[in-house]
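Take a look at the letters that make up each chain.
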Amino acid sequence: MKVTPLALAISSTLVLSACGGGNSSEETTNFTSISGKAIDGYVVGATVYLDLNYNNKRDSGEPYAITTAGGNFNIVLDANDASCSDYVPTIVDVPVGAIDEDLGEITEAYQMVIPPNIIISSNTDIKNITPLTTVLWSTIERELRQDKQQLSCKTVKEQSEIRSNIQNRLLEQEKRLAQRYGVTADELYGDFIASGNAELHDIAVALVPSLKKSYQDTIALEKKHPNAWLASVEYYQGPWSYNGDPDDKTWHKEETVYRTISDKESESTKSIYEVSDDLSTIIRDVHLDRVYSLQRDGIRFSYANEFEQGGCTIRESIAQNSNPSYQISNTYADSNQPNLAACSQLTVADTQHLNQQDVEVEYNFDNISYRGYFSYSGNSLNEGEQFLNLKGNLNNITANDLNIFNFISTDFSDTSIHSANSAWRSYTIQEADHSVNITRDLISKKFHKSDNYFNGIHKEYCSDDGSNWTPTNNINNCF
């Protein structure tokens, strides 16, 4: 008899144990074990693992365990893996042939995931993964890819700015889903089967088909791009961008591919489509983009083209690989292009094909990172014309050429706008248990501050003078 899995959950607790020799003179090795249950009923024969490099598949060397009777698993971690356990997702691959102790044999493979433990806001000791928590993390992961964030245990563990970014987005997504389904954030992380919450159980059942479809299409995309380091497909209901209408109930399909061209070059593509409610038919292209990146001779170059609603946006940028670092970007939009392939042929070749130029400066000192951003409409940036058509002139541009912008200081207290149409400065400081980011709009002279604690607590404030702060729930209130 064919069976459709109703829900999957992982209840996970951290158990510390020490394993070693028979006496004090022998070397002792400390291990951390992650124990829990895979629940769809209880699933026997599923693979549970830490996704150390955030690529949604188990690679050689990633610690794992196979679920046994009762859905139980226990992953034993060495010291290196244990240090990553709080900073990476935990994934369950449920294969065809696995056994649901309540419903029988699984006939369609699928995958579930729980976000990194460090960013989960729920206060429950046992972490449960359900289709709801999978939607939570999938949405955050999708947004991070749109921002071109490169995630790994190392980056999330060492860069508090990335952790804060993930935490902020997860909190917003928790609010959206909690409001949509009329539950608390803690209930989103709960075991609805054990609690007897039939309503949440039904919601989870409705999400499972899209998770299966995402898993199956991802396997097909990986076969199509065997050399890509990431190839994934996700079906989801709701806005395709994180600043879209939260009440949007449209179903979307998103394909993402990242591939390495050479040791200095890489390329990413993202294709977002509106699909039918049964997920079987693509209705229209929503957003398509391709980004080419190159690093060489002390510079970073990127060329991005996007196709959306019949129009193209081209953005090319070049930055120094130094500290401080100066970067210039050119942007051009054309509303009369038929497809992404046509967009790829466009260049910002002259002032007639230029909407905006941006200059950024970044400087890192000890535990503080400073940034400045200055945006210019059209060709109003002095000395900016020589940096047009970066794509075509890349071989003629050196890192030293960007020093022409070193009249822009790295000093946060410098209020000069350098004739820009919009300008802001910010700095981020790393404290022992949290990071603080302060942004100053140099045009409105308003301030925004965020305190991001490593335990997931997040606070935001607005200020007119940078000294007296008023709590806020929305950064837009500050400016």
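This text goes with the structure placed above it.
Overview of the structure.

Quick notes on the rules
Residues numbered from 1 in each chain as written. Predicted model: local features only at pLDDT ≥ 70, side-chain atom pairs only at ≥ 80, totals over all residues. Heavy atoms only, no water. Helix = DSSP H or I, 4+ residues; strand = E, 2+ residues; numbered from the N terminus. Rg over C-alpha atoms; globule rule 2.2 N^0.38 Å. Buried < 20%, exposed > 50% of the residue type's maximum accessible area, 1.4 Å probe, protein only. Disulfide = S-S within 2.5 Å. Contact = heavy atoms within 4.5 Å. Phe/Tyr/Trp six-rings, centres within 6.5 Å; stacked < 30°, edge-to-face > 60°. Lys NZ or Arg CZ within 6 Å of the ring centre and 35° of its normal. Pairing = 2+ DSSP bridges. Axes fitted to C-alpha atoms, helices over the stretch in contact; angles between N-to-C directions.

**So, the overall build of the protein**
- Along its length, the protein carries nine helices and 24 strands.
- The C-alpha atoms of the protein give 24 Å as radius of gyration, which agrees with the globular expectation for 479 residues (23 Å, within 12%).
- Dimensions of the protein along its principal axes, counting C-alpha atoms only, are 70 × 60 × 45 Å.
- Expressed as a percentage of its 479 residues, the buried residues of the protein come to 50%.

**Observations regarding the state of the cysteines**
- According to the stated counting rule, one finds three disulfides in the structure shown.
- Covalent S-S linkage joins Cys312 and Cys343, the inter-sulfur distance amounting to 1.7 Å. Note on the Cys312 and Cys343 pair: the S-S dihedral is about -70°, so by sign convention the disulfide is left-handed. One end of the pair, Cys312, is in strand S16 (residues 311-320); the other, Cys343, is in helix H8 (residues 340-343), with 31 residues separating them in the sequence.
- Relative accessible area serves as the criterion here: at 2%, Cys312 is assigned to the buried category.
- The side chain of Cys462 participates in a disulfide bridge whose partner is Cys478; the two sulfur atoms lie 2.0 Å from each other. Classification of the bridge connecting Cys462 and Cys478 rests on its S-S torsion, roughly -80°, and on that basis the disulfide is left-handed. Of this pair, Cys462 sits in strand S23 (residues 458-463) while Cys478 sits in the segment after strand S24 (470-472), and the two are 16 residues apart along the sequence. Summarising the burial analysis for this pair, Cys462 and Cys478 share the class buried.

**Some thoughts on the environment of Val88**
- Take Val88: it is sitting in the loop between helix H1 (79-84) and strand S7 (90-94).
- Overall, the relative accessible area of 1% leaves Val88 in the buried class.
- Counting along the chain gives 251 residues from Val88 to Asn339, while the straight-line C-alpha distance between them is 37 Å.
- Not counting residues within four places of it along the chain, the set of residues in contact with Val88 comprises Leu50, Asp51, Leu52, Tyr54, Pro116 and Cys153.

**Here we look at the packing of aromatic side chains**
- Inspection of every chain in the model, using the stated rule, returns 10 aromatic pairs.
- On the numbers, 6.3 Å between centres and 85° between planes, the contact of Phe447 with Trp469 is edge-to-face. In this pair, Phe447 sits in strand S22 (residues 447-453) while Trp469 sits in the loop between S23 and S24, placing the two residues 22 residues apart along the sequence.
- In this structure an aromatic cluster arises from ring pairing among Tyr363, Phe365, Tyr370, Phe412 and Tyr427.
- Sitting over the face of the ring of Tyr303, Lys391 holds its NZ or CZ atom 4.1 Å from the ring centroid.
- Just above the ring of Tyr461 sits the side chain of Lys449; from NZ or CZ to the centre is 5.0 Å.

**Description of unusual backbone geometry**
- Following Asn323, the chain continues into Pro324 via a peptide bond in cis, with omega recorded as 5°.
- One non-glycine residue, Glu383, adopts positive backbone phi at about 70°.
- Here Glu383 shows up in the loop between strand S19 (368-377) and helix H9 (390-393).
- You can call Glu383 partly exposed: its relative accessible area is 42%.
- One non-glycine residue, Ser419, adopts positive backbone phi at about 65°.
- Topologically, Ser419 is positioned in the loop between H9 and strand S20 (422-430).

**Here we look at the sheet that holds strand S10 (residues 110-114)**
- Strand order in the open sheet made by the four strands is S5-S4-S7-S10, with antiparallel pairing throughout. Of all strands in the sheet, those with a lone pairing partner are strand S5 (64-66) and S10, marking the two edges. Across the sheet, the axes of successive neighbouring strands diverge by a mean angle of 20°, strand direction being ignored.
- Bridge analysis of strand S4 (residues 47-50) against S7 gives four bridges, and the strand direction is antiparallel. Looking at the pairing, Leu50 lines up with Thr90 of S7.

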